Amino acid sequence: MKSIQTSLVAALTAALLGLSIVPAGATPVCTDGYMGGPPLSSCGGRVFPEVENSVDYVQYLPDPATGFREYQHGLEYLETLYPRWISVFTLSEYFEDERAVSAGPDRIRSFEDGDTGDGGEILVVKLTDHTVNDRGKETMLFSLSVHGDEKGGIEGGVRVVEDLAMAATSGGTISDGVAGYRSTTGRRPRFHEYEVKSVLKKEVVYFIDFNIDGWMAGDHFTTAPGPLYTRGNYMGTDLNRQMPTVGRINATRNPLEESEMRYGHRFMHLVADAGKRGRMAYGADIHGESQSRAWADIMYPAGQFDSVKHRQLMAIAERTKSAIDQSLFMGLVDVIEENTGGDGGEGIEDYGAPPNTVPTKPARWGTVWDTLGYTDTGFIGDYLAEELGVTGMDYEIALNHADVRAHSRPWAYFMQENMVNTTRAIVKTAMAYALYQSKEFANFKIDPKGRVGYVFNPEVVTDADGAGTLPGPAKNGVSANGKKVRQRHYRATNMAFFRDTAKYVEGGLTKVHPADIAASPLMLDAFDTVVLADITAPKDAQGRAYSADAYYRNLNAWVLRGGNLVLTDRALHVLGKMGVVGASDVSDILVYQPYANFTDFTHPMLKGLRPNARQLSEATLVGYGIGDEASPMTVVATSAWEGAGGTVVGTTGPGDGGSDDGTLTSVGELELGRGKIRIMGGGLPIPYEGEDHRYGLKNYSLTYSGLYIMENSMIHDSEDLGPSGPRVSRSDAAQLPGMGLVLLLPLAGVVVRRVRRRVA
């Protein structure tokens, strides 16, 4: 996704290039005479040969001397060899629209006046058992090399298509992972091996490369000026920022402006619509990067994911990692060390290694920001995973930038082998897991040990109040390119997190109204845990006025009696209202993305988190921008927190994440009387309308790290509170202030008769 050139990478690349193993006379693509292509024997019996039998990247444009098109004619010949399993078509054929092509070297979009018709055809490979009707099959889509200078996706993609057709014919198998790791999901993973032909009876898998322009620009036979494959198309547009992202968008990018993604977006939706329940089983975008501490970065998508979908995403990330770890040619590490003085790879696999080092570990997974150090919106992979797919992922393959024309850079066997094998592992693992992913967490439940409530905030963020009119560059409905845009309808609230999570929590989650808390010092005794998200004292849903002082006083007294109060975001200011710390000890800061540097991964609040966990939420989805001062968090002075008896679990500094000196606590636990207060200073903010959000807003966008902290923080069982607490008699209940006998009836699912009477 991001090209970061360094002298170290350049030096290592040069060393590796000198070690290429290329048989004399080998050719990249062989079609046994079809359209004039070389014999299969020249490619080791394959159409798209193994890397050791290749000399170069697959070319898109025709050889001017013979007219042979390696990519197109190679795929067409595969279709003739394996008609049961493979079909090939173009988007222009599919839509019966000649505009469904790339912009082309004339730099005029295919649908604009003056276009010369030079756009490149966008080919699609359909892999399935064509003798079985597509109805009822799972659908999947792999986007390959959408950045034209990141070649691993397309090089691996054409080869894995051939692999799978050969395996379906000969009886080969694929599996959904490799045993030998401890799953972050909390479940011991079960692995399955399937015959490819049986998988293709149940799945339709599509492979597509949208960025034909970026590919053509570096092709041997291009007539366009310039020596490079290009990241974007001929318009200079990064096609991986073109998706209509819900949440904040960069208005200068104008989503779906390019023909490749206008038609590509439509095609993705049609693939999803044809799948079970109107969704793809899986969608992925395979990228490359100049450098990383791993050969493959598995990029966890951004989205509004509930507890089960997060676990499905974690599972496919882990399973893919296990397959990549096993399949990569690790002799490359030895080659690197031998060509960098003997120690170029020693020890750098440890967490905390300096950046810009050569990878030795095969694969790792994490959020985009946690892994790459930046994030953005409009990603294809995020869109596939969030809007269209059951699961999905972005992938980055290291040392995977073709920075000069292929013919001026010899084929680097060791690097290309890893790029191709990474793609193979991605595709085959996803295809196999798609048959199991809906079953793995079908009976998932969270046991909170006690009863959990949340203080309900009835206010919603909506376009209907006028505050959602497009701000910034798109103000007054005009985007940065001068074209009109419109605001889509949205109605967003962070309370949706509790609604979505409740179905997985034993006993559910119960709304608690602030006026009821203020009215009775005993009302909260029905609960072991109460969560307050991003607002200290919300309006009452029934419009009742209440005393804020009584509300805070009763919260405090309930914690002292054994309650577990969970505070997120700006609700941390309750600490000052309750007198736990001074009001000035709690402050609001701005950060690049909500994050915490965790101090103790053995703490119960962090159960299940991996050592690279850091980011708490994807704030852009709920409307916040991108930048060092874009996303809000609330923190407590560490000295005050520890002075009150609190345990520091995570700290946060303002800005880009590099300023954290440990003086501000964002995640922690504090014992107060017989109860506890747990804090997470960012992750569940009320959605924000200050940025261009023309496609609406999500309700919440916790990463898996933020989700686990929330789930763990709700676990609490007090001896004297909740379902296990003493019962209240009819006469006791009648004495509760302001409530009368109504408490004898179920209150939003709470069995109030179990509330213990407290005598002052």
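Provided above is the structure to which this section pertains.
This structure is a prediction, so every number in the text was calculated from the model and none was measured. (Residues numbered from 1 in each chain as written. Predicted model: local features only at pLDDT ≥ 70, side-chain atom pairs only at ≥ 80, totals over all residues. Heavy atoms only, no water.)

Visitor: Sorry, what's going on with the nonpolar core here?
Guide: What tends to happen in soluble globular proteins is that the nonpolar side chains get buried as a cluster. Grouped together as the largest cluster of nonpolar side chains are 159 residues, with contacts concentrated most on Ile86, Phe142, Phe207, Phe267 and Met268. The element that contributes the greatest number of residues to this core is helix 12 (residues 413–433), accounting for nine residues. Ignoring any residue separated from it by four or fewer positions in sequence, one finds Phe207 in contact with Leu123, Val124, Val125, Leu127, Phe142, Leu144, Val160, Val161 and Val427. Of all hydrophobic cores here, the second largest spans 36 residues; its members include Tyr552, Leu575, Met578 and Ala637. (Core = buried A, V, L, I, M, F, W, Y, C linked by side-chain atoms within 4.5 Å. Buried < 20%, exposed > 50% of the residue type's maximum accessible area, 1.4 Å probe, protein only. Helix = DSSP H or I, 4+ residues; strand = E, 2+ residues; numbered from the N terminus. Contact = heavy atoms within 4.5 Å.)

Visitor: Is there a simple way to explain empty space enclosed by the protein in this structure?
Guide: Over the atoms rolls a probe the size of a water molecule, and its path tells where empty space is left. Tallied over the full model, the rule gives six cavities of 30 Å³ or more. Size it by volume and the largest cavity reaches roughly 160 Å³. Considering only residue class, the lining of the largest cavity consists of six nonpolar, six polar and six charged. Considered as a void within the structure, the second largest cavity measures approximately 50 Å³ in volume. Residue lining of the second largest cavity: Tyr71, Leu75, Val125, Leu144, Ile154, Gly157, Val158, Val161, Phe207 and Ile208, and that is the complete set. For the lining of the second largest cavity, the secondary structure elements donating two or more residues are helix 2 (70–81), helix 4 (152–170) and strand 6 (203–208). By residue number, the principal contributor to the lining of the second largest cavity is helix 4, which donates four residues. Along the lines of polarity and charge, the residues of the lining of the second largest cavity split into nine nonpolar, one polar and no charged. (1 Å grid on protein atoms, 1.4 Å probe; cavity = no way out; pocket = protein on both sides within 12 Å on 5 of 7 lines; lining within 4 Å. Points joined across faces, edges and corners; volume = space filled by probe spheres on them. Nonpolar A, V, L, I, M, F, W, Y, C, P; charged D, E, K, R; others polar.)

Visitor: Help me understand the packing of aromatic side chains, please; the structure alone is not making it clear to me.
Guide: For any pair of aromatic rings, the description rests on two quantities: the centre-to-centre distance and the angle between the ring planes. According to the stated counting rule, one finds 29 aromatic pairs in the structure shown. Judged by centre distance (5.8 Å) and plane angle (25°), the rings of Tyr300 and Trp365 are stacked. On the criterion of sequence distance, the pair formed by Tyr300 in strand 8 (residues 294–300) and Trp365 in strand 9 (residues 361–367) is long-range, its members being 65 residues apart. For Tyr300, a relative accessible area of 2% gives the class buried. With 5.6 Å between their ring centres and 55° between their planes, Tyr546 and Tyr551 make a pair best called tilted. For Tyr551, a relative accessible area of 0% corresponds to the buried category. An aromatic cluster is built from Phe89, Tyr94, Phe95, Tyr206, Tyr263 and Phe267, whose rings are joined through pairwise contacts. The cationic tip of Arg262 hangs over the ring face of Phe111; the distance from NZ or CZ to the ring centre is 4.0 Å. The side chain of Lys511 reaches across the aromatic face of Phe456, ending 4.3 Å from its centre. (Phe/Tyr/Trp six-rings, centres within 6.5 Å; stacked < 30°, edge-to-face > 60°. Lys NZ or Arg CZ within 6 Å of the ring centre and 35° of its normal.)

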